[in-house]
Amino acid sequence: TRHFIAENPRGSHLWTLQIWSHVARNPHVVQIGIDMCMAGMQDYDTTQPIRKPTTLVASTQLLINHFEQFKCDGSHEHAIIEGKASDGEFRSHKC
């Protein structure tokens, strides 16, 4: 058996594509919403956490069980993502 896990920002156009709608209807496919602040994503300059809500879709619950811990616990304020710089790093402005 082959398995998969896909990651993309919550609200991404990817999740609206017909192929992903078809995949999501499979009864074995599961998804979870996580927040990248809990995985250590932070502003390059200020080190303030960046929430970046993200969706994971997987072929089995076993692949995403570990990610339950990456839901924001609300214990911090977030920087706001404004875009990706030419060096590939996300940049934000201060809240």
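Everything discussed here concerns the structure shown above.
Attention in this report is confined to the structure presented alongside it. Everything quoted here is computed from the prediction, not taken from an experiment.

A few words now on the sheet that holds strand 2 (residues 30–35). Across the sheet, 3 strands lie side by side as 1-3-2; this open sheet has antiparallel pairing. Edge positions in the open sheet fall to strand 1 (5–9) and strand 2, since each of these has one partner strand only. Ignoring which end each strand starts from, the neighbouring axes of this sheet average 20° apart. The sheet contact formed by strand 1 and strand 3 (residues 53–58) spans 5 bridges and is antiparallel. Across the sheet, Pro9 pairs through a bridge with Thr54, a residue of strand 3.

The final tally for this structure, using the stated rule, is 3 salt bridges. Across the pair Arg10 and Asp35 runs a salt bridge, and its minimum N-O distance is 3.9 Å. A residue pair is termed long-range when its members are at least 10 positions apart, and Arg10 in the loop between strand 1 and helix 1 (18–24) and Asp35 in strand 2 qualify at 25 residues. Note on Arg10: relative accessible area 42%, which makes it partly exposed. In this structure, Arg51 engages Asp35 in a salt bridge whose closest nitrogen and oxygen atoms are separated by 3.2 Å. Remark: Asp35 occurs in strand 2 and Arg51 occurs in the loop between strand 2 and strand 3; sequence separation between them is 16 residues. Relative accessible area serves as the criterion here: at 5%, Asp35 is assigned to the buried category. Sharing partners across several salt bridges, the network here consists of Arg10, Asp35 and Arg51.

Reading the values: rules and limits
- Residues numbered from 1 in each chain as written.
- Predicted model: local features only at pLDDT ≥ 70, side-chain atom pairs only at ≥ 80, totals over all residues.
- Heavy atoms only, no water.
- Pairing = 2+ DSSP bridges.
- Helix = DSSP H or I, 4+ residues; strand = E, 2+ residues; numbered from the N terminus.
- Axes fitted to C-alpha atoms, helices over the stretch in contact; angles between N-to-C directions.
- Salt bridge = Lys/Arg side-chain N within 4 Å of Asp/Glu carboxyl O.
- Buried < 20%, exposed > 50% of the residue type's maximum accessible area, 1.4 Å probe, protein only.

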